[in-house]
Amino acid sequence: MQIEDITPEYLRQEGIEPDGLMFSKNHLPYNPRLKDFSRQLRQGGIMAEALLWKQLKARQIGFQFNRQKPILNYIADFYCKEVGVVVEIDGSSHDTPEAQLKDKERDRQMRVIGLEIIRVSDRDVLRDAVRVAEFIMEECEKRRVRAVE
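Every residue gets a number counted from 1 within its own chain, in the order that chain's sequence is written. Confidence filtering applies because this is a predicted model: local features only for residues at pLDDT of at least 70, side-chain atom pairs given and counted only at 80 or more, and all residues used for totals across whole chains, interfaces and linings. Remark: hydrogens and water are excluded; side-chain values derive from all non-hydrogen atoms of the structure.

A few words on the nonpolar core. Definition of nonpolar core: a set of buried residues of the types Ala, Val, Leu, Ile, Met, Phe, Trp, Tyr and Cys, connected through side-chain atoms within 4.5 Å. Exposure classes here rest on a 1.4 Å probe applied to the protein chains alone. A residue is buried below 20% of its type maximum, exposed above 50%, and partly exposed in between. Grouped together as the largest cluster of nonpolar side chains are 21 residues, with contacts concentrated most on Leu52, Leu56, Phe65, Phe78, Val87, Val125 and Ile136. In DSSP terms, a helix is any run of H or I states spanning at least four residues, a strand is any run of E spanning at least two, and both are numbered starting from the N terminus. Ranked by residues supplied to this core, first place goes to helix α6 (residues 129-148) with six residues. In this structure, Leu28, Tyr74, Val86 and Leu115 belong to the second largest nonpolar core, which totals 18 residues.

For the rest of this paragraph, the subject is the sheet that holds strand β3 (residues 85-90). Across the sheet, four strands lie side by side as β1-β2-β3-β4; this open sheet has mixed pairing. What marks the edges here is a single partner per strand, and that holds for β1 (66-71) and β4 (116-121). Neighbouring strand axes in the sheet, compared pairwise and without regard to direction, differ in orientation by 45° on average. Whether two strands pair depends on DSSP finding at least two bridges between them. Bridge analysis of β1 against strand β2 (residues 74-80) gives five bridges, and the strand direction is antiparallel. Opposite Pro70, over in β2, you have Ile75 as the bridge partner. Only heavy atoms matter for contacts: two residues are in contact if any of them lie within 4.5 Å across the pair. Angles here are taken between N-to-C directions and fall from 0 to 180 degrees, while the axes themselves are lines fitted to C-alpha atoms, restricted in helices to the stretch in contact. Taken strand by strand, helix α4 (residues 97-112) contacts β1, β2, β3 and β4, and its axis lies near 55° from that of β2.

Backbone geometry at Gln68 places phi at a positive 55°, although glycine is not the residue there. One non-glycine residue, Leu72, lies in the positive phi region at around 55°. Examined against the element boundaries, Leu72 turns out to sit in the loop between β1 and β2.

Each Phe, Tyr or Trp ring, with Trp reduced to its six-membered ring, pairs with another whose centre is within 6.5 Å; inter-plane angles below 30 degrees give stacked pairs, above 60 give edge-to-face pairs, and intermediate values give tilted ones. Per the counting criterion, the structure on display carries one aromatic pair. Geometrically, the ring pair formed by Trp53 and Phe78 is stacked, given 5.9 Å between the ring centres and 15° between the ring planes. Highlighted residues: Trp53 in helix α3 (residues 47-56) and Phe78 in strand β2, separated in sequence by 25 residues. Overall, the relative accessible area of 0% leaves Phe78 in the buried class.

Written as structure tokens, this is what we have:
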């Protein structure tokens, strides 16, 4: 899916309310009211995010990521535009049935606009951020290869 294919009409057809979202030819639709909050999250954040960010931003691993990227009405922990991948770090707050339903809907909406979601646990990141970053890079490479085929 191309960014220009993601129109308000398309989102409505897919059950996503586009009101309040900003659309452009170069960026995925996003809620501009989330920009300040995403900046605040980049300044703080949890330890697992900081550890994984250190690995992902090195960029010698082949893919460039943005941190705390507003997409639709959400803020993705990490986003790789090149291959359309969102990485979410899940802590214990994602274990409740209510949180799992919200995550499922968020993932659905992200997939509707052509993104792939990779969820990793904060425990795994804290245990071995390098290995988690390697796993993410492998998944990104698989997506790049599929796009070429």
